[in-house]
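# An overview of the molecular structure
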Amino acid sequence: MKRAIAKAQAIDTTQGVRPAMQARSLRKRYDLLKAGRKLLHNRVFEDISIKEICAEADCTVGSFYSRFDDKASYFDALIAESCQEMLNRAEEEFDEKSWEKVSAAQIADQVVLFLVDIFQGEYSSILTESFLRESKGGLQSTPMRDVGYAFINTVGRLLVSHINTTLHPDPLRGLAFGLQIIYGSLHNARLRDSGPIPFYSDEFKHLLCLMFKQYLGIHRQS
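Here's a quick rundown of the structure. (Residues numbered from 1 in each chain as written. Predicted model: local features only at pLDDT ≥ 70, side-chain atom pairs only at ≥ 80, totals over all residues. Heavy atoms only, no water.)

Next up on the list: the environment of Glu 52. By the element assignment, Glu 52 lies in helix 3 (residues 50–57). Residues Glu 52 and Ala 35, spaced 17 residues apart in sequence, show a C-alpha to C-alpha distance of 8.9 Å. When near neighbours in sequence (up to four residues on either side) are disregarded, Glu 52 contacts Leu 39, Arg 43 and Asp 47. (Helix = DSSP H or I, 4+ residues; strand = E, 2+ residues; numbered from the N terminus. Contact = heavy atoms within 4.5 Å.)

Structure (structure tokens):
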């Protein structure tokens, strides 16, 4: 329930979005956002019309405008919803109690695999659109960046004490840069998949995990 409330609040505080006060209104808003996420799997956002979003959600155009000022605020809400969902998933996945007896190497692997799943799965198109808009200055805020910082702190609780301090005198900063490298690799592969290792391959995952552990100085037995 807390996570559902957090997600609703993240959308409610997005500029150009009218807060949903009733369960029915929340449901309609959810349907509209779900429709956009589905359409983004095969289309770029600028080519998707409000009319198409409403048809996919089985809502009227009036229903859309009663919740969002325009298409831009709708997409900002879509990003806010997705960011909060990703943060919720990360906090659940990397709860400290669940990893007490697990090696640092296994934790590092799971961190990378979690991010690979994010970039290859249902959030992939939203991530791409968000990064492209941020690069053009299309967003006044950067919710993806905020989630990135929160993710560093979340996994840092599990990994910082295992990072080689000879390589990284400031382990948290070393972890932050290591994750920045992973983000960049995944973003580039998601956009282009130019190889030489195919993005959707086990080899890609294996080598990314290996690179992350080597950079942090975490060994297999750690």
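Among all positions of helix 3, only Ile 50, Ile 53, Cys 54 and Ala 57 are buried. An end-on view of helix 3 places all buried positions within 95 degrees of arc, on one side of the element. Exposed side chains of helix 3 directed beyond 90 degrees from the buried face belong to Lys 51 and Ala 55. Of the residues flanking the end of helix 3, it is Asp 58, one or two places downstream, whose phi is positive at about 60 degrees. (Buried < 20%, exposed > 50% of the residue type's maximum accessible area, 1.4 Å probe, protein only. Arc of directions from axis to C-beta.)

Further remarks concern the side chain of Ser 125. Secondary-structure assignment places Ser 125 in helix 7 (residues 124–135). Looking at Ser 125, its side chain comes within polar contact range of the side chain of Arg 190, at 3.3 Å. Excluding residues within four positions of it along the chain, Ser 125 makes contact with Leu 40, His 41 and Arg 190. (Polar contact = N/O pair within 3.5 Å; in protein donor to acceptor, adjacent residues only side chain to side chain.)

This next bit is on the packing of helix 2 (residues 23–39) against helix 3. For the pair helix 2 and helix 3, the least separation of the axes is 8 Å and the interaxial angle reads 110 degrees. Taken together, helix 2 and helix 3 sit at an angle that is classed as roughly perpendicular. Judged by the twist between their axes, the crossing of helix 2 over helix 3 is right-handed. For the pair helix 2 and helix 3, contact is made by Asp 31, Leu 32, Ala 35, Lys 38 and Leu 39 and by Glu 52, Ile 53, Cys 54, Glu 56 and Ala 57, respectively. In terms of residue class, the contact of helix 2 with helix 3 is built from 6 nonpolar, no polar and 4 charged. (Axes fitted to C-alpha atoms, helices over the stretch in contact; angles between N-to-C directions. Parallel < 35°, antiparallel > 145°, perpendicular 65-115°, else oblique. Left-handed = near helix turned anticlockwise from the far one by under 90°. Nonpolar A, V, L, I, M, F, W, Y, C, P; charged D, E, K, R; others polar.)

All told, the structure shown has 13 aromatic pairs when counted by the stated rule. Measuring from ring centre to ring centre gives 5.7 Å for Phe 114 and Phe 151, while their planes differ by 10 degrees; the resulting arrangement is stacked. Of this pair, Phe 114 sits in helix 6 (residues 104–120) while Phe 151 is found in helix 8 (residues 143–159), placing the two residues 37 residues apart along the sequence. What makes Phe 114 buried here is its relative accessible area of 7%. In this structure Phe 151 comes out as buried when scored by relative accessible area, which is 4%. Over the aromatic face of Phe 45 sits the side chain of Lys 71, whose NZ or CZ is 4.8 Å from the ring centroid. (Phe/Tyr/Trp six-rings, centres within 6.5 Å; stacked < 30°, edge-to-face > 60°. Lys NZ or Arg CZ within 6 Å of the ring centre and 35° of its normal.)

If you look at the biggest cluster of nonpolar residues, it comprises 59 residues, and the most contacted ones within it are Leu 32, Val 111, Phe 151, Leu 179, Leu 186 and Phe 212. The set of elements that each furnish at least two residues to this core consists of helix 2, helix 3, helix 5 (71–93), helix 6, helix 7, helix 8, helix 9 (171–192) and helix 10 (202–216). Looking at which element gives the most residues to this core, the answer is helix 6, with 11 residues. With near-sequence residues (within four places) excluded, Phe 212 lies in contact with Ala 108, Val 111, Val 112, Leu 159, Leu 175, Gly 178, Leu 179 and Ile 182. (Core = buried A, V, L, I, M, F, W, Y, C linked by side-chain atoms within 4.5 Å.)

Our focus in this paragraph is the environment of Val 155. With respect to the element layout, Val 155 can be found in helix 8. It is 6.4 Å that separates the C-alpha atoms of Val 155 and Phe 94, two residues lying 61 residues apart in sequence. If sequence neighbours within four positions are ignored, Val 155 has contacts with Phe 94, Val 111, Leu 175 and Leu 179.

In the segment running from Gly 195 into Pro 196, the intervening peptide bond is cis, with an omega of 10 degrees. Tracing the backbone shows Pro 196 in the loop between helix 9 and helix 10. For Asp 58, which is not glycine, the phi dihedral falls at a positive 60 degrees. With respect to the helices and strands, Asp 58 occurs in the loop between helix 3 and helix 4 (61–65). For Asp 193, which is not glycine, the phi torsion reads 45 degrees and is therefore positive. Looking at the secondary structure, you find Asp 193 in the loop between helix 9 and helix 10. We classify Asp 193 as partly exposed; its relative accessible area is 35%.

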